[in-house]
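# Architecture at a glance
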Amino acid sequence: MMPNSFRTSDIAISSRVRLARNLSEYPFPGHMSPSQEREVADSVSSFLCGIAAGTEFSYLNLQEMDDFSSGALVERHIISPELSSKKGSRGVVLSSDEKVGIMLNEEDHIRLQVLGDGLCLGKCYERANQIDDLIDSHFSYAWSENLGYLTHCPTNLGTGMRASVMLHLPSHAHLGEIHPLIANLGKLGFAIRGIYGEGSRASGSLYQISNQITLGPTEGESLERLGKVALSCIEREQELRSRFLRDNAIFLEDLVWRAYGILAYARRIHGEEAMELISRLRVGVSCGIVKDISSAQLNELSWAIQPNNLSKSAARALAPQERDLLRARLIKERLFNNKKEA
Amino acid sequence: MLCQNCGNHEADFHYSSNVNGEAREIHLCSDCASKMDSFPAKDESGDYLGSMISELLGTQKRTPQPGSCPFCGTDAQSIRNSGKVGCAHCYDNFSAILTPYIRQIHGNGTHRGKLPNNAGESAKLAKQLDVLEHELRAAVAAEEYEKAAGIRDRLKSLKGGTE
């Protein structure tokens, strides 16, 4: 029996809250001497790794990391592409559950990020705020009464908080509703981007919605507004899926099972194709068409099949053709391991 | 080449540095060079090398160019080009350039969010008043008049404390 309504967690993949902070006594990254960069990275990382914050932190020094390992962190949304590609003393303090990442010497001295599953902006902020208080108790932040937390780029002034929700919007994409959505959200002070943030294209119909205004509204007000916007996108996606299911169920089932078939039996598969087929499978799971695969499995798989994560699992840099073979094998193992071999 | 500071005398002091790919040059006459407090001083051997090295390593204050931020050396042109500042002090030093830009991004708002530990007392009080005013509006909207009266009293006493 197919559901008439879809769970929010099938559409809202993850939430993220990021706080930008700078230490008052140093110029911003890119304007520091190498010794100052080292001081910032060393002092903040050793403080965080030495405190008892209800979670254990460890420091990953990006200067000592090979390209595909740092690229793998980018694909898992633990660090930004900017932190991975820049030079100098930099790294990320990572919690044992990998939900908290504190990037050091990215665009700002400190970029504290908390990730969560589904739509959970409040919880993410609560955890970010606690860690922010801990850092604030030991270091002096760059701050002004009118402009709030002072950041390298004026777009982050004020709260320094960028919150985002990653949504799976295949019906919007299929029915051409993404462009109107981008325009409408822009007017309301929100941005909608592809899976890897600024400048990235949508892959597997995954989109990130984030707040743009950081100076003026409080953290609570921004989170509340973003939560409402995300919910309205989720409701619209639910409505479109229900309509699709009602008017064209056989077409939808066909799309889903074809995706299932290719993913189960392909011997090599390109990343873009895999993401598109996983997107169809997600719809199948949310509609109750596919019952033996969970959304959580698909979330995990979405980053595991990215180029750098494949190289990391092979412990060497793989050529594109090698990745396509490994990707197909990994999908088979993760999703169809216990099923009858073709 | 004329001195960048006074523009009257021939520059006989030339200083250049490149920190993190950021190249900076200064050309001054000896009079102006000797007047600049934070300029790398001549050491006993009469050369500037030791001072330059310590400056490059960040152990001494950066040399400001005329019109540049004395803390980080960023100038107005680089802010215009990149849309980004070099340090917290740039927000004060280049407020004429940055204020219209900030308004364009965020509108006319001022910060109403979280405060750090080092925020001044006046900012902490303003924050308390903002929170209470917000609660007051919510209480009135919900027709919780008793609660609203209590909030109004607290607001009055806080504001009284500032007079």
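Before going into details, it helps to say that this report is about the structure given with it. All of these numbers come straight from a predicted model, not from anything done at the bench.

Our next topic: the overall build of chain A. The secondary structure content of chain A amounts to 12 helices and 10 strands. The globule rule puts the C-alpha radius of gyration for 342 residues at 20 Å, and the 21 Å found for chain A is close to it. Dimensions of chain A, computed from C-alpha atoms along their principal axes, come out at roughly 65 × 45 × 35 Å. Taken over 342 residues, chain A has a buried fraction of 58%. Intrachain contacts of chain A at a sequence separation of at least 6 include 68% that bridge at least 24 residues. Of the roughly 14500 Å² of accessible surface on chain A, a fraction of 51% belongs to carbon and sulfur atoms. Across chain A, the centroid of the 38 positively charged side chains sits 7 Å from that of the 42 negatively charged ones.

Looking now at the nonpolar core. Membership of the largest hydrophobic core comes to 88 residues, with the highest contact counts inside it found for Ile102(A) and Leu112(A). Take this core: its biggest share by element is 14 residues, from helix α8 (residues 219–265) of chain A. If near-sequence neighbours (up to four positions away) are discounted, Leu112(A) is found in contact with Val17(A), Arg18(A), Leu19(A), Val100(A), Gly101(A), Ile102(A), Ala128(A), Ile131(A), Asp132(A) and Ile135(A). Core analysis: the second largest hydrophobic core is formed by 18 residues, Leu157(A), Leu215(A), Ile79(B) and Ile102(B) among them.

Pairs can form between side chains of opposite charge once their charged atoms are near each other. Counted according to the given criterion, the structure contains 24 salt bridges over all chains. Across the pair Asp97(A) and Arg127(A) runs a salt bridge whose closest N-O atoms are separated by 2.9 Å. One end of the pair, Asp97(A), is in the loop between β3 (91–95) and β4 (100–104); the other, Arg127(A), is in helix α5 (residues 121–138), with 30 residues separating them in the sequence. Overall, Asp97(A) belongs to the partly exposed group, its relative accessible area being 37%. Overlapping salt bridges bring together Glu106(A), Glu107(A), Asp108(A), Arg111(A) and Lys84(B) as one network.

What follows concerns the interface of chain B and chain A. Contact residues are listed per partner, giving 39 residues for chain B and 48 residues for chain A. It is His106(B), His111(B) and Lys114(B) that lose the most area in chain B upon contact with chain A, and together they represent 22% of the buried surface on that side. Our enumeration of links across chain B and chain A arrives at 4 salt bridges. Taken together, the connections running from chain B to chain A amount to 20 residue pairs in polar contact (both at pLDDT 80 or more). When contributions to the side of chain B that touches chain A are tallied by element, the ones reaching two or more residues are α5 (95–106) and α6 (121–141) of chain B. Broken down by class, the residue content of the side of chain B that touches chain A amounts to 17 nonpolar, 15 polar and 7 charged.

Attention now goes to the sheet that holds strand β9 (residues 190–193) of chain A. Residues and elements named next belong to chain A. The 8 strands lie next to each other as β2-β3-β4-β5-β1-β8-β10-β9, forming an open sheet whose pairing is antiparallel. In this open sheet, the two edge strands, each paired with only one partner strand, are β2 (57–61) and β9. With direction set aside, neighbouring strand axes in the sheet form an average angle of 20 degrees. Each of β1 (12–21), β2, β3, β4, β5 (110–117) and β8 (161–168) touches α5; the most contacted strand, β1, lies at about 25 degrees to it. Strands β1, β8, β9 and β10 (206–211) of the sheet are contacted by α8, whose axis makes an angle of about 10 degrees with β8.

Residues and elements named next belong to chain B. Listed in full, the buried residues belonging to α5 are Leu98, Ile102 and His106. The arc that holds every buried residue of α5, seen down its axis, measures 45 degrees, which confines them to one face. Along α5, exposed side chains directed more than 90 degrees from the buried face belong to Ala96 and Gln104. On its buried face, α5 sits against α3 (76–82) and α4 (90–93). Trailing α5 by a residue or two, Gly107 shows a phi angle of about 85 degrees, which is positive.

Residues and elements named next belong to chain B. For α6, which comprises 21 residues, the first-to-last C-alpha distance of 30 Å matches the rise-based estimate of 30 Å (1.5 Å per residue) to within 8%. Every buried residue of α6 is accounted for by Ala123, Leu129, Asp130, Leu132, Leu136 and Ala139. Positive phi appears at Glu143, one or two residues downstream of α6, with a value of about 60 degrees.

Moving on: the packing of aromatic side chains. Residue and element names in this part refer to chain A. Counted under the stated rule, the structure contains 5 aromatic pairs over all chains. Judged by centre distance (5.6 Å) and plane angle (85 degrees), the ring pair of Phe47 and Phe139 falls under edge-to-face. A residue pair is termed long-range when its members are at least 10 positions apart, and Phe47 in helix α2 (residues 34–50) and Phe139 in the loop between α5 and β6 (143–144) qualify at 92 residues. A ring pair is formed by Trp257 and Tyr260, whose centres lie 5.0 Å apart and whose planes are at 65 degrees; its orientation type is edge-to-face. Linking Trp257 with Tyr260, this pair stays in helix α8, spanning 3 residues, or about one helical turn. Overall, the relative accessible area of 39% leaves Trp257 in the partly exposed class. One aromatic cluster is present, formed by Trp257, Tyr260 and Phe336 through successive ring pairs. The lysine or arginine in question, Arg21, covers the ring of Tyr149, its NZ or CZ lying 3.5 Å from the ring centre. The residue whose ring lies beneath Arg76 is Trp303, and the NZ or CZ to ring-centre distance is 4.6 Å.

Moving residue by residue along a regular strand, the side chains alternate between the two faces of the sheet. Residues and elements named next belong to chain A. Extensive coverage of β3 is indicated by the burial of 5 of its 5 residues. Covered by surrounding structure in β3 are Gly91, Val93 and Ser95 together with Val92 and Leu94, the residues of both alternating faces. Pairing geometry for β2 and β3, over 5 bridges, is antiparallel. Its bridge partner lying in β3, Phe57 is registered against Ser95. Judged from the 4 bridges that link them, β3 and β4 form a sheet pairing that is antiparallel.

Rules of the game
- Residues numbered from 1 in each chain as written.
- Chains lettered and ligands numbered in written order.
- Predicted model: local features only at pLDDT ≥ 70, side-chain atom pairs only at ≥ 80, totals over all residues.
- Heavy atoms only, no water.
- Helix = DSSP H or I, 4+ residues; strand = E, 2+ residues; numbered from the N terminus.
- Rg over C-alpha atoms; globule rule 2.2 N^0.38 Å.
- Buried < 20%, exposed > 50% of the residue type's maximum accessible area, 1.4 Å probe, protein only.
- Contact = heavy atoms within 4.5 Å.
- Areas by Shrake-Rupley, 256 points an atom, 1.4 Å probe, with all protein chains shown as cover.
- Lys, Arg positive; Asp, Glu negative; His and termini not counted.
- Charge placed at Lys NZ, Arg CZ, Asp CG, Glu CD.
- Core = buried A, V, L, I, M, F, W, Y, C linked by side-chain atoms within 4.5 Å.
- Salt bridge = Lys/Arg side-chain N within 4 Å of Asp/Glu carboxyl O.
- Buried area = accessible area lost by both parts, 1.4 Å probe.
- Polar contact = N/O pair within 3.5 Å; in protein donor to acceptor, adjacent residues only side chain to side chain.
- Nonpolar A, V, L, I, M, F, W, Y, C, P; charged D, E, K, R; others polar.
- Pairing = 2+ DSSP bridges.
- Axes fitted to C-alpha atoms, helices over the stretch in contact; angles between N-to-C directions.
- Arc of directions from axis to C-beta.
- Expected span 1.5 Å × (residues − 1).
- Phe/Tyr/Trp six-rings, centres within 6.5 Å; stacked < 30°, edge-to-face > 60°.
- Lys NZ or Arg CZ within 6 Å of the ring centre and 35° of its normal.

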